[in-house]
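Spelled out, the chains give:
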Amino acid sequence: MRRDELLDAAEDLLCDHGSSALTLAAVADRAGVSKGGLLYHYGTKEALIKGMVERLIEDFDQLMAAQPGETYTERYLHATLAAVRSGRLRRWAVVTGASGNLFLLAPLREAMARWHREGLGEEPDPRASQIVRLACEGLWDVASHDPELNTEDDLRALETRMKALLLPPS
C-alpha cells in the first residue's frame, strides 16, 4: 500500500465522517490494510495528519507552478479553479483533522501566509489581488461543503469576473 493511498483513505474518512472518526484503525480499514501496514508508514495519528498537511501544501504548490498567468494571483486563481474543478478539495478535510493541534496546523498556516503574501508588491493592484485570493479561499471552502453548488458555467463566470478585478487600474 502506498502512502498516497493511505492519505487518500484518511482524507475520505475526514470528509465523510469528520475528525472524531479519524482513528488509525478506521483509516486502515478504509484503505483495506492491516493496522500494522498503516503503522509502518504512519506510526501515530499525528504523523498521518502531518502527512496530509505536507501533501496538501506540496500538491497546491505544484498546481500553482503549472498554471498560466502573468502574476502570482492569476496563477493562484487558476490553481484554485483547477482544484475545485477536479474535486481536489482536501484542504477542508486536512484542516478538520488537524484543527485540535496547533503544531500540526503550523505548516498549513505558514503556507497560507505565503500564498496570500507572495508577489503582492509586484501586482498591478495589490488590494484587488488580495480580494481575488480571499475570494479563492471562499470558493474552495464552499465547494468543499457543497461541490454541486457551482456549475462549470458558474466557475467560468467567477473566473471572468475575478480576472477583471486583476486588470491594472486605469
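The notes below deal with the structure included here.

Thresholds applied
- Residues numbered from 1 in each chain as written.
- Predicted model: local features only at pLDDT ≥ 70, side-chain atom pairs only at ≥ 80, totals over all residues.
- Heavy atoms only, no water.
- Helix = DSSP H or I, 4+ residues; strand = E, 2+ residues; numbered from the N terminus.
- Expected span 1.5 Å × (residues − 1).
- Buried < 20%, exposed > 50% of the residue type's maximum accessible area, 1.4 Å probe, protein only.
- Salt bridge = Lys/Arg side-chain N within 4 Å of Asp/Glu carboxyl O.
- Phe/Tyr/Trp six-rings, centres within 6.5 Å; stacked < 30°, edge-to-face > 60°.
- Lys NZ or Arg CZ within 6 Å of the ring centre and 35° of its normal.
- Contact = heavy atoms within 4.5 Å.
- Core = buried A, V, L, I, M, F, W, Y, C linked by side-chain atoms within 4.5 Å.
- Axes fitted to C-alpha atoms, helices over the stretch in contact; angles between N-to-C directions.
- Parallel < 35°, antiparallel > 145°, perpendicular 65-115°, else oblique.
- Nonpolar A, V, L, I, M, F, W, Y, C, P; charged D, E, K, R; others polar.

1. Overview of helix 7 (residues 102-117)
Taking 1.5 Å per residue as the helical rise, helix 7 with its 16 residues ought to reach 22 Å, and the 21 Å between its terminal C-alpha atoms agrees with that figure. Considered for burial, the residues of helix 7 that qualify are Leu104, Leu105, Leu108, Ala111, Trp115 and His116. Among the residues trailing helix 7, glycine 119 stands out with phi positive, at a value near 75 degrees.

2. With respect to the pattern of salt bridges
Following the criterion strictly, the structure yields 13 salt bridges and no others. Arginine 55 is the partner of glutamate 11 in a salt bridge, and the nearest nitrogen-oxygen pair spans 2.8 Å. Placement of glutamate 11 in helix 1 (residues 3-17) and of arginine 55 in helix 4 (residues 45-65) is noted, with a sequence separation of 44 residues between them. Of the two residues examined, glutamate 11 and arginine 55, each falls in the buried class. A salt bridge links arginine 114 to aspartate 61; the nearest nitrogen and oxygen atoms lie 2.9 Å apart. Here arginine 114, found in helix 7, pairs with aspartate 61, found in helix 4; they are 53 residues apart in sequence, far enough to count as distant. Given a relative accessible area of 31%, arginine 114 falls into the partly exposed group. Through salt bridges with shared partners, a single ionic network connects Arg85, Glu152, Asp153, Arg156, Glu159 and Lys163.

3. A word on the packing of aromatic side chains
What describes a pair of aromatic rings is the distance from one ring centre to the other and the angle between the planes of the rings. Following the criterion strictly, the structure yields three aromatic pairs and no others. Aromatic pair phenylalanine 60 and tryptophan 115: ring centres 4.8 Å apart, planes at 65 degrees, arrangement edge-to-face. Taken together, the positions of phenylalanine 60 in helix 4 and tryptophan 115 in helix 7 put the pair 55 residues apart, joining distant regions of the chain. Grouping residues by exposure puts phenylalanine 60 and tryptophan 115 together as buried. The structure contains a cluster of three or more aromatic residues connected by ring pairs, namely Phe60, Tyr76, Trp115 and Trp140. Positioned over the ring face of tyrosine 42 is arginine 3, at 4.8 Å from the centre of the ring.

4. Describing the environment of tyrosine 40
With respect to the helices and strands, the residue tyrosine 40 is situated in helix 3 (residues 35-41). For tyrosine 40, a relative accessible area of 68% translates into the label exposed. As a C-alpha pair, tyrosine 40 and leucine 22 span 18 residues in sequence and 18 Å in three-dimensional space.

5. So, the side chain of threonine 80
Along the chain, threonine 80 falls in helix 5 (residues 72-86). Setting aside residues no more than four positions away along its own chain, threonine 80 makes contact with Phe60, Cys136 and Trp140.

6. Side note on the nonpolar core
Leu22, Val27, Leu38, Leu48, Met52, Phe60 and Trp115 are the most contacted members of the largest nonpolar core, which has 43 residues in total. Of all the elements in the fold, those that place two or more residues in this core are helix 1, helix 2 (24-31), helix 4, helix 5, helix 7, helix 8 (126-145) and helix 9 (152-165). Top element by residues in this core is helix 4. It accounts for nine residues. Ignoring sequence-local partners within four residues, the contact set of leucine 38 consists of Leu6, Leu24, Val27, Ala28, Val33 and Leu48.

7. Focus on the packing of helix 1 against helix 4
The geometry of helix 1 relative to helix 4 is characterised by a closest axis approach of 10 Å and an angle of 95 degrees between their N-to-C directions. Our classification of the angle between helix 1 and helix 4 gives roughly perpendicular. Here Asp4, Leu7, Asp8, Ala10, Glu11 and Leu14 of helix 1 lie close against helix 4, whose contacting residues are Leu48, Gly51, Met52 and Arg55. Among the residues making up the contact of helix 1 with helix 4, the classes are represented as five nonpolar, one polar and four charged.

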